[in-house]
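Chain by chain, the residues:
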Amino acid sequence: MGRKGSPRSPQAEGGSQASSPSSPLWALPEELLLLICSYLDAQALGRLGQVCRRLRFLSSRDLLWRRIARGCLNSGFTQLGTDLLMPWIELDGEYLYLSQAENIQAYRLCPDGTGLQRHPQAIFSGHQEDVCRFVLVNSHIVSGGGDGNIVLHKIHGSYSIKFAAHEQEVNCVDFQGGLIVSGSRDRTAKVWSLSTGRVGQCLHTVQTEDRVWSIAISPLLSSFVTGTACCGHTSPLRIWDLESGQLMTCLGTDFHRGAGVLDVFYETPSLLLSCGYDTYIRYWDIRTSTRKCVQEWEEPHDSALYCIRSDKNHMIASGSSYYGVVRLWDKRQTRCLQSFHLSSPTSSPVYCLRFSTTCLYAALASALHVLDFTAP
């Protein structure tokens, strides 16, 4: 008589104890699991993702791979010695605010307006991962980070609020009229309250079905626009009702797949600028048509456009994805007025730019550049 076969272990069946719902591994909080995974190299993370679906989702989080990807890039804020992968800047009177890794630093502008002091006057912290975007409104800084959190700082004071906002990176934020809107890689946009007693409460969650790269609240405080990655068949530019969270309209009908919108800027409640991967700056007048923009300008070297800014009159500034190219445009002309190559011979996108009547500031992967318009 043959021996009765003994039960086979989960490993023998091609499974894993880690994939079992009763495994002690899943009793750990997500923050601790991510900390454990942060000690793994790329090969180990790849193998971990083959164990089960839950570990595949955990091991594919961007905050784990960002460290590995950063090690493959030749980047860094050369003057200050701090890694500066995807910076963002804002101007406010005598100060320039610059995101560096998980912090936002305030630098006083030089009296002549052509540069900034070397050491920051203030540092605003709160994120566990890099700051993706931030806005400066009414002496408040609102930032979204790679940790999925939103942080609110009062510039002149110790007042600070932090709350969990999204399951993945908060790619973009805007703040107006006591409301915050945020967009994330998790394919949602959310509206948050800052009113007394409801601070950090989510009022609406919008399912965009695509990664959200840019967001802006209309000056009328009645709606907001999202710019997404355009990986599906829906327009990447959509306007949503701020009070109800319902879709109001889609902008444009001729976007190609992959023509993601990386930056949007309201000039007025009805005039909107957008740019992105398809190399075009588009000017929209919502009063006349939502199907087609009223004017467009093409980047002549076929580079994606990472950022735009307008003086709300005739001038537009754009930053491209290669060699730190900044272009100045006049809305009354079809070709750009002037170009500046800021990172030759190495290449870096212009992640953000801001300008005044005298200077233009452009943030690249390895440096902050200042263009002086008053120089002969």
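Please refer to the structure placed before this passage.
Residues numbered from 1 in each chain as written. Predicted model: local features only at pLDDT ≥ 70, side-chain atom pairs only at ≥ 80, totals over all residues. Heavy atoms only, no water.

Colleague: Go over the sheet that holds strand β16 (residues 247–251), please, and point to the residues and values.
Modeller: Overall, antiparallel pairing links the four strands, which are arranged β13-β14-β15-β16 in an open sheet. Only two strands of the sheet have a single partner each, and these edge strands are β13 (212–217) and β16. With direction set aside, neighbouring strand axes in the sheet form an average angle of 20 degrees. Where strand β15 (residues 237–241) lies against β16, four bridges are found, and the strand directions are antiparallel. Pairing of Ile239 across the sheet is with Thr249, part of β16. (Pairing = 2+ DSSP bridges. Helix = DSSP H or I, 4+ residues; strand = E, 2+ residues; numbered from the N terminus. Axes fitted to C-alpha atoms, helices over the stretch in contact; angles between N-to-C directions.)

Colleague: Provide a residue-level description of the environment of Gly49, including the pertinent values.
Modeller: When you line up the elements, Gly49 lands in the loop between α2 (42–48) and α3 (53–59). Gly49 sits in the buried class, given a relative accessible area of 15%. Taking the C-alpha atoms as reference, Gly49 lies 5.7 Å from Ser59; in sequence the two are ten residues apart. Residue contacts for Gly49: discarding those within four places in its chain leaves Leu55, Arg56 and Ser59. (Buried < 20%, exposed > 50% of the residue type's maximum accessible area, 1.4 Å probe, protein only. Contact = heavy atoms within 4.5 Å.)

Colleague: Any chance you could break down the sheet that holds strand β11 (residues 188–193) for me, citing the residues and the numbers?
Modeller: An order of β9-β10-β11-β12 is seen for the four strands of this open sheet, with the pairing classed as antiparallel. Across the chains shown, the open sheet's two edge strands, defined by having one partner strand only, are β9 (170–176) and β12 (201–207). Strand-to-strand, the axes of this sheet are offset by a mean angle of 20 degrees, without reference to chain direction. The pairing of β9 with strand β10 (residues 179–184) spans six bridges and is classified as antiparallel.

Colleague: Run through the side chain of Ser214, naming residues and quoting values.
Modeller: Structurally, Ser214 is set in strand β13. A relative accessible area of 0% means that Ser214 is categorised as buried. At a separation of 3.1 Å, a polar atom in the side chain of Ser214 contacts the main-chain carbonyl oxygen of Val261. Ser214 has contacts with Cys172, Val225, Thr226, Gly227, Val261, Leu262, Asp263 and Val264, leaving out every residue within four places of it along the chain. (Polar contact = N/O pair within 3.5 Å; in protein donor to acceptor, adjacent residues only side chain to side chain.)

Colleague: Tell me what's going on with the packing of aromatic side chains, and back it up with residues and numbers.
Modeller: In total, this model carries six aromatic pairs according to the counting rule given. Centroid distance Tyr283 to Trp297: 6.4 Å. Interplanar angle 50 degrees. Geometry classified as tilted. Of this pair, Tyr283 sits in strand β19 (residues 280–285) while Trp297 sits in strand β20 (residues 295–298), placing them 14 residues apart in sequence. Accessibility expressed as a relative area gives 10% for Tyr283, which makes it buried. For Trp297, a relative accessible area of 1% translates into the label buried. A ring pair is formed by Tyr306 and Tyr351, whose centres lie 5.6 Å apart and whose planes are at 70 degrees; its orientation type is edge-to-face. A residue pair is termed long-range when its members are at least 10 positions apart, and Tyr306 in strand β21 (residues 305–310) and Tyr351 in the loop between β24 (338–341) and β25 (352–355) qualify at 45 residues. Residue Tyr351 is classed as buried on the basis of its relative accessible area, which comes to 12%. Grouping aromatic residues by their ring pairs yields a cluster made of Tyr95, Tyr97 and Phe124. (Phe/Tyr/Trp six-rings, centres within 6.5 Å; stacked < 30°, edge-to-face > 60°.)

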